[in-house]
Amino acid sequence: MGANEKVNILLVDDQPARLLTYQSVLSELGQNLVCARSGVEALDKLMREEFAVVLLDVSMPEMDGFEAARLIHDHPRFEKTPIIFVTGVHVSDLDRLKGYKIGAVDYVSIPVVPEILRSKVAVLVELYCKRREMRELNRNLAQANERLAEANTTLQAEKTRELQRANTELERANRSLQSEVAERARAEQALKEADRHKDEFLAMLAHELRNPLAPILSAVQLMRMKPMPDPQLSRSRDVIERQLSHLTRLVDDLLDVARITRGRINLSPEPIELGTLIARAVEIVQPLIQERGHQFTSEIPDGTLRVNADPLRLTQALGNVLGNAAKYTERGGRITLTVCRQGTDVEIRVRDNGIGIPAEVLPRIFDLFAQLDRRSDHPHSGLGIGLALVRRLLQMHDGSISAYSEGTGRGSEFVIRLPLLLETTQSANSRPSSARTGDAPPVRRRILVADDNADALETLATVLELGGHEVFSAANGSLALESAERHLPEVALLDIGMPLLDGYEVARRIRAQAWGKRITLVALTGWGQDSDRRRSQEAGFDSHLVKPLDLEKLSQLLARLPAGAAANA
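The notes below deal with the structure included here. All figures in this text were calculated on a predicted structure; none of them were measured in a lab.

### As for the side chain of D532
Consideration 1: Among the secondary structure elements, D532 is positioned in helix α15 (residues 530-539).
Consideration 2: What D532 contacts, discounting residues up to four positions off in sequence, is Y504, W527 and H544.

### Focus on the sheet that holds strand β9 (residues 334-342)
Consideration 1: Reading across from one edge, β7-β9-β10-β12-β11 is the order of the 5 strands in this open sheet, with mixed pairing throughout. Two strands lie at the open edges of the sheet, namely β7 (295-299) and β11 (400-404), each paired on one side alone. With direction set aside, neighbouring strand axes in the sheet form an average angle of 15°.
Consideration 2: Here 8 bridges tie strand β10 (residues 345-352) to strand β12 (residues 412-419), and the two strands are oriented antiparallel to one another. Pairing of R351 across the sheet is with E413, part of β12.
Consideration 3: In this fold helix α8 (residues 274-291) packs onto β7, β9 and β10, with an angle of close to 170° to the strand it touches most, β9.
Consideration 4: Each of β7, β9, β10, β11 and β12 touches helix α9 (residues 311-327); the most contacted strand, β10, lies at about 25° to it.

### Thoughts on the environment of W515
Consideration 1: Within the secondary structure layout, W515 lies in the loop between α14 (503-511) and β16 (520-525).
Consideration 2: When the C-alpha atoms of W515 and A484 are compared, they prove to be 9.2 Å apart, with 31 residues separating the residues in sequence.

### Some points on the sheet that holds strand β3 (residues 53-57)
Consideration 1: Strand order across the open sheet formed by 5 strands is β2-β1-β3-β4-β5, with parallel pairing between neighbours. The sheet is open, and its two edges are formed by β2 (32-36) and β5 (104-109), each paired on a single side. Geometrically, the sheet is characterised by an average inter-axis angle of 20° between neighbouring strands, direction not taken into account.
Consideration 2: Bridge analysis of β3 against strand β4 (residues 83-87) gives 4 bridges, and the strand direction is parallel. Across the sheet, residue L56 finds its bridge partner in β4, namely F85.
Consideration 3: Relative to the sheet, helix α3 (residues 65-74) contacts β3, β4 and β5, its axis offset from that of β4 by approximately 170°.

### Section: the pairing of strand β14 (residues 470-474)
Consideration 1: For strand β13 (residues 446-450) and β14, the ladder comprises 5 bridges, and the chain directions are parallel. When the bridges of β14 are listed, I447 appears paired with V471.
Consideration 2: Handedness of the crossover joining β13 and β14 through helix α12 (residues 454-466) is recorded here as right-handed.

### Thoughts on helix α2 (residues 39-48)
Consideration 1: Among the residues of α2, those classed as buried are G39, A42 and L46. Taken around the axis of α2, the buried residues stretch over an arc of 55°, which confines them to a single face. Those residues of α2 that are exposed and angled more than 90 degrees off the buried face are V40 and R48.
Consideration 2: At its buried positions, α2 is contacted by β1 (8-12), β2 and α3.

Thresholds applied
- Residues numbered from 1 in each chain as written.
- Predicted model: local features only at pLDDT ≥ 70, side-chain atom pairs only at ≥ 80, totals over all residues.
- Heavy atoms only, no water.
- Helix = DSSP H or I, 4+ residues; strand = E, 2+ residues; numbered from the N terminus.
- Contact = heavy atoms within 4.5 Å.
- Pairing = 2+ DSSP bridges.
- Axes fitted to C-alpha atoms, helices over the stretch in contact; angles between N-to-C directions.
- Right-handed = clockwise from strand over helix to strand, strands pointing away.
- Buried < 20%, exposed > 50% of the residue type's maximum accessible area, 1.4 Å probe, protein only.
- Arc of directions from axis to C-beta.

Okay, here's the thing in structure tokens:
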């Protein structure tokens, strides 16, 4: 079979419409697409031809996808054939585990996203082609080895002419090796390009996820502002809020890992009391600890323990460690946090009596995408990025983290070490890092909110109105510009991706007017990369807030503005 010859892809589904969809999506790959409408038919086609990948529907009559996959991988010829399960129903962790045990490499949910399905299948096809090419190379290598053995045998009996011919053969092999080196360099360049595309995809994914998260968060905040007599509705609201917070942190962690990997995160360190950071981290994780009924205790020594740290990033790292302890400990468990000084360092220990860490997983627990063995009795969801992010953030603070566990079911302990500030530095920087604004009542502001997402616009406007502000709404950039000129708001919250005029253009046009120079412009967007913040600043924005909007950050921003900021505009 030639290196460029098409490979076979088997599509198995009992619904003809879905088969047509798969064919349409995968036709761009330029490979042979073979269809089967049942598990039995799929097995028959497998006996006749070789397939690079099998796309297999889980729910089929007579023989479901799990049984078909088991029969396929029980056959010696097909035990390495990759299978992607397609399902239109919710798949539990146990179902996924069942699929992975019988050889599935991935799951795809219906309705399928064409780009995702195509990329998954393309990767498996490329791996198949690489393996096929490797087999061919191995055959060629074996033949070359045989020829070399013959040449060596002949060389013993031949004279100088035969030796020169062998040298010529060696030169040809050297040119081939040089060609392979050049090919490897090309492959490395392709890998760098793929890594760049991955970062672009993560940024796009974060933007697309943050846009729908924004109105959901505003809706939850609205629910909190209204009395809710039904306890069940109140609990449901709390569930939505917790899961929304979890999803938001997941999106942020994904981007943080990508940024740190490419060296794009810059810390803003300042002298700060360690107890303050720990209190913030505990406050973040407290809802999860209470929801799971854990007993949490802390031991922090009296006296000043100050570190030079980025408060946001170090709080994030401590919160991730505490969150892991709460998440991987059975309900009603115990979690302890102790702090002690070790010479010029401070040591923070987080212990739990949770599910523990298997010995074979412990050495790689801080690796990216490392997860506990899902074959255990305690499956937990997650991407395996939290602890990897913690280690890299602590390394950026000249600190470290290590993990200890006596095994499954025997709890875990994470030890964080950070360098302390010298006493002279502490005393010189003993002033508080930030001043409180006091308990003065909030000032009523005139606020323009512009967003082309109707749900996001309505919910945020309502939240601000209930907070006592006068709010003007605009559903696109053109209306936002007209409203700003008519009402002269003190603050304008502008979505970036609006039709007619985007947020950047609206900001530039407002700043071009004499009346617009005193308006505080805030970019409200799903884009949160450093380049996005620079672009919003260049367009004239004063602040850049990422969706879903943190109402506390907005409240702090409004509180910092002088009363009647736009009165003389």
